[in-house]
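Listed below are the residues making up each chain.
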Amino acid sequence: MKKLLLTITAIILLTVSCSKKREGDPKILVFSKTMGFAHKSIPDGITALQKMGAKNNFKVDTTTQATLFTDENLKQYSAIVFLSTTNNVLDHKQEAAFERYIQAGGGFVGIHAATDTEYDWGWYTKLVGGQFLSHPRGTPEADFIVKDTQHPATNFFTDSIWRRKDEMYNFKNLNPEVNVLLTIDESTYEGGKNGDHHPMAWYHEFDGGRAFYTAGGHTSESFKEEFFLKHLLGGITYAIGDNLELDYSKVTTQIPPDTDRFSKVPLAVGRFYEPTEMTILPNNDVLIAQRRGEILWYNAETKAVKQVALLDVYHKALEARGVNAEEGLMGLQKDPNYEENHWVYVFYSPTGDEWVNRLSRFKFIEGEFKMETEQVILDVESQREICCHTGGSIAFGPDNLLYLSTGDNSTPFNEKGVEYTNNGFAPLNDLPGKEQYDARRSSGNTNDLRGKILRIKVNEDGTYSIPKGNLFPEGTDKTRPEIYTMGHRNPYRISVDPKKGYVYWGDVGPDAPKDNFKNRGPRGYDELNQARAPGNFGWPLFVGNNYAYFDYDYATGESGPQFDPKNPINDSKNNTGLRELPPAQPAYVYYPYAETRQFPQVAQGGRNAMAGPTFYSDLYENGGGLPTYYNGKVIVYDWIRGWMKAVTLFEDGSFNKMEPFAPEVEINSLIDMELGPDGRLYLLEYGKGWFTANPDSGLSYIEFNPGNREPVLEEFTINTDAGAVPFTLEANAKAYDREEDALTYLWKFGNGTEKETPEANISYTYENAGVYKLHLVVKDAEGKEVRSTDKTIVVGNQRPKVWIELTDGTTETYQPGKPIAYKVTVDDPDGEVKPENVYVSVDYQQGMDKVDMNYGHQQVSGEVTGKALTQSLDCKSCHKEKESSIGPSYQDISIKYAKQRGSTNYLMTKIIGGGSGVWGEVQMPAHPDVSQLEARQIASYIESLTVDKTKKESLPLTGKVVPEDRAKTGVFILSASYTDDGKENTLPLTATNAVVLRKKE
C-alpha cells in the first residue's frame, strides 16, 4: 500500500511539473508573412494587437521571418497568430517545428487569410479549420449569427445578430470537428457559396493544442471596430489558455533530417540505353530492363554490368513514319519468393502479328536468364503503330498478389486534316475509324485491360486466379475481374505499401495548357494517386481533383454536358463494358504545367509524375538506409522536373503533406526507384536525352550520413589554366565545415607533388612542359574530406587568342537584311595559325539571358579538338587516321561502330578505361586522366570519319553576313573559335570570342 501511495504521488508530481505555469505575462508571436496577396490591413492589425497586449497584460512580438519557427524559439510563446498570411510561408522543417509546438500544448490564432495559407499541408488545414475558396466583390454588409455565447470570443454579445462589413470568405475542406462560434446569413448579401451552414469563426482543441480562427479582418476598419477587437481578444485568450509551459515530451512529429546528409552513390554510370524498370535481388544484384528488349545484370560483388537476355520486342512503329510507339520491354520484377523459385516477371511487347503486351515470367539462376523457362501469364490487347501510353510497371503487395499497370493506348496528338481535334483535352472521339483517339474504349471501359491497374494471384503453374476484393466480382457482365483500379492514362510507375497494401502510382496527364470550361474542360494535370480500395480514378472523363470534361462531338464541334464524377457515364460507341461506371476518385496531388497554389513545391514546366516505395525501417535488419523519420512515408518523384518528395499521410491513410526528399542530390531523369533488401533506396536514371543512350544514365543508391559530414567546397578557382614554361599557378578555394571544425587544404598538382596548407590559397610553379590534373582535397578535424573536380593545367602551350572586328561601324544593334562586315583575327603565340582550325558561325537567341550561357562556347568544333587530342596523347603511337598500325585506323573504328547504338558512350569508355580483345591481342592502355569532355571530343572525331551528316561549314575569316528576320529571336551572335594543334606533351587549346547584337527596334 505504501508503494502504491508513493507511485500515485509521483504521478501527481510528474503531472504538475509537466503542467507548470509560465513565469510572467504571456507572450504571443504575430506572424504576417505573405507569399501571395498582401493585405493592406496587416500593419493596422499589428498595431491593434500590440495595443491589445499592452492593455491586457500579454506581450506581442511580430515577424515576417519564417526562420523563427524552431523549437527553441517557439517554446517561449503562449500563442502564435497567423495574421493574413498567404500561400506557402513555411518550409518543411519550419512546418515540423510548428506541429511540435502545437503538440506540446501551444496555441494558435488564425485571422482572415490564414485560411489562404499552406494548401498542401493537411495538418495545417485541420488546425486552421478550412481553406479559402472565394469571396464576392468588395466588402458587403451582412448578418453574422452568434451560435455560441459561452466562449470568450462571443460571450460579450447581447444580440444573436452581429451586422458588419468585411470581405466575406467562402470555404472548402472545412474541418467538421471544430466548434462553430459565428455563421453568416447568405441571404443578407450576394456571393455566398457555403449555403445554410456557412461558418465564419470557430475554435477547437487539436493535436495537443488550441486553435481559434476568425474570417474577419480584411479591412483596416476591422481593427478599430469595438466588437471585432473584443472577438479577437477572446480568441487570443482561448489560445493562450492557462499559459502553461510547453511539454515537448508529448510531441509526435520529428524534425526532418538535414538535406545535406543525403548523397548519391553511383554503381554504374553511362551503361544504359532507355532503361525502364529494375528489380533488386536478395543479394543486392540488380536486374535492369531496357525498352528495346535487353535485360542487364548488375553484379553487386564484381560491380560489372552484363546483358543476360534480349527479348524480341516491338519497340518502334513499322509503318507509321516518325512515330515511336513507346512499347517494348516495359516492366520487370522479381517474385516475392525469388530465393526459392528464381522467377522474374517481365511485361513486354512481343513481335509478330498478334498485337498484345505480355506478362510472362522467366527463371534467372546464377547469372543466367533462362529464356526457355518462359511462362505466359496474361496478354493485354494493344493497338500498335500509334503513340502512346503503355504503363507497364509490376509490383507485389504484402499478400504476394501481383499488380500490373497499363496505359490507355491512345494518342494525345491532334489528327491531321480534320477540323475538330483533342487539342490536349481528353480523347473522346468515337467516330468510326478514330478508335485511337478515344480513351473511353480503354481506360473508361470496364471490359478492357488497358488504362488499368490489374491485380491477380499467380499460381504455381503460371496460370492466375482472381483474388477477392477487385473492382468487379468474377462473373459480372461486361467487366474484367482482373481490374483493381481503372480510369488511368499512363500509370507508368506503381508501388504497393508493404504493410498496408495501399497502391500508389503517378499518372502522366494530358497537355492542354489552359482551362476551357465553356465547351471542353480542364487543362492538363499530372496526378499522384493512392488506392486504399478498388475504384475508378476518372480518366478520360475527369482529371486532377475530379475536374470534369465535356462530352464533345467531333463531327460538329459541339459540346454536351460535363460528366458527373458521382455518376460517370461511358456512352462511347467503342465501349464494350458497362455504361454506368463506378464514382470517380480524385488524385491526392495534381499539378499542371504552370505553377499551382494547391501544390506550389512541385514547381512548373514539363510533367511526368512517378510513384516510389513506402519506407518502414523495421522491415530491415539494420533499419534500412533512411532515417526513421521516413517511416510510413511514400517517396514520389517527377521524371522531367527532377525532384523527389516524401509524402506524409494521416493515420487513416489520407494525404497530409509533401516535402522535399534529398533535394541536394542531382538526378538525371529518374525513371525507377526501389528499396532493396538492405533497405537502401536504389535509383535508375534514364538520362537527359530521349530515345537514346545517355552518358548520365545510371544506377545508384541514396546514402544517408547521420554523423560528421564532409566539408563543403563552395569554390575552387585558378588564375589561368595554360601557359609557357615555367608556369606559375595561383589557386584559391572557399570552403566551410558544417560542424565548424578547422579545415586543412591538400593541393595535388598532378605531377607527384602535393602540399598541405591551413590557408585556402596557394602559389605553385610548374618547371616542365606537360598536362597536369590539379585537384584539391579539403579535410576537417575528424578526417572527413571532400575532393574537387580536376582542373586540367597545360604547361608548355599558350592559349591562342581570337578577335572579331565589325569593319563597317556596326556596334550594338543589327537590322534584318542589312549586311554586317566582319574580320576574324587569330594569334597563336606558339606557332603558325592553321585556317582550317578556325570556325566562324552565326547564331540567334530569343533573349540575352541565354547569351551568357552560351558565350565562349559557340560552335567549338569537337571534331577539330578531338583530332588534335589524338595527336597530343599517346594515341598516335598505335593509331593513324586511315592506315592500320599497331591498332586499327580511326576510319576502321568509325566504320565498325557507325550503326551501333550507344557507340559514343562505348568509345568514351574504351578511351578512358582501355581494354583488349576487340581488334586482337594488343592491350589498349587506359587514359584515366582524360576527362569526359576530352573523350567525347575524340569519339566525335572518330565518328565523323564515316557518319553521313550535314555539317555547318565555317564562314570565312573575313566577309559579310546578312542577319535574318526571325520573329521569335531578338539577339544575333557572330562567334569564332580556334583550336591549335598542341605541342609535344601538351593538349590542344581552344580560344573563342563572340559579338552579340540586339535587333534594332
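Keep in mind the model is a prediction, meaning the values are calculated, not measured.

Draft legend 1. The arrangement of the state of the cysteines in detail. Tallied over the entire structure, the rule returns 1 disulfide. A sulfur-sulfur separation of 1.6 Å characterises the disulfide bridge that pairs C387 with C388. Note on the C387 and C388 pair: the S-S dihedral is about 85°, so by sign convention the disulfide is right-handed. Across this residue pair, the class does not change: C387 and C388 are buried.

Draft legend 2. Up close: the sheet that holds strand β52 (residues 813-814). Strands sit in the order β52-β57-β56-β54 across an open sheet of 4 strands; the sheet is mixed. Single-partner strands in this sheet number two, and they are β52 and β54 (838-845). Pairing of β52 with strand β57 (residues 990-999), which is carried by 2 bridges, proceeds in the parallel orientation. Note on β57: the bridge partner recorded for Y814 is K999.

Draft legend 3. Main features of helix α10 (residues 890-897). Among the residues making up α10, those that are buried are Y890, I893, S894 and Y897. Projected down its long axis, α10 carries its buried residues within an arc of 100°, all on one side.

Draft legend 4. Molecular detail of the sheet that holds strand β34 (residues 589-591). Here we have 4 strands laid out as an open sheet, ordered β26-β27-β28-β34, and antiparallel in their pairing. What marks the edges here is a single partner per strand, and that holds for β26 (491-496) and β34. Sheet twist, expressed as the average angle between the axes of neighbouring strands with direction ignored, equals 15°. Pairing between β26 and strand β27 (residues 503-507): 5 bridges, direction antiparallel. Note on β27: the bridge partner recorded for S495 is Y504.

Draft legend 5. Representation of the side chain of H112 within the structure. Mapping H112 onto the fold places it in the loop between β4 (107-111) and α5 (122-128). Only 2.6 Å separates the side chain of H112 from the backbone oxygen of A215, close enough to count as a polar contact. In contact with H112, not counting residues within four places along its chain, are H39, S84, E167, Y169, Y213, T214, A215, G216, G217 and H218.

Draft legend 6. Seen up close, the nonpolar core. Core analysis: the largest hydrophobic core is formed by 74 residues, its most contacted members being F82, F98 and Y124. At 6 residues, helix α6 (residues 226-240) tops the list of elements feeding residues into this core. Discounting chain neighbours no more than four positions away, the residues touching F98 are F69, L74, I80, F82, L90, F108, W121, W123, Y124 and L127. Within the second largest apolar cluster, 56 residues are counted, among which are I394, F396, L449 and V634.

Draft legend 7. Up close: the pairing of strand β20 (residues 368-381). Sheet topology places strand β19 (residues 356-365) next to β20; 9 bridges connect them, and they run antiparallel. By the bridge assignment for β20, R358 is matched with D379. Linkage of β19 to β20, two consecutive antiparallel strands, is achieved through a turn of 2 residues, within which E366 is found at a positive phi near 50°.

Conventions we followed
Residues numbered from 1 in each chain as written. Predicted model: local features only at pLDDT ≥ 70, side-chain atom pairs only at ≥ 80, totals over all residues. Heavy atoms only, no water. Disulfide = S-S within 2.5 Å. Buried < 20%, exposed > 50% of the residue type's maximum accessible area, 1.4 Å probe, protein only. Pairing = 2+ DSSP bridges. Helix = DSSP H or I, 4+ residues; strand = E, 2+ residues; numbered from the N terminus. Arc of directions from axis to C-beta. Axes fitted to C-alpha atoms, helices over the stretch in contact; angles between N-to-C directions. Polar contact = N/O pair within 3.5 Å; in protein donor to acceptor, adjacent residues only side chain to side chain. Contact = heavy atoms within 4.5 Å. Core = buried A, V, L, I, M, F, W, Y, C linked by side-chain atoms within 4.5 Å.

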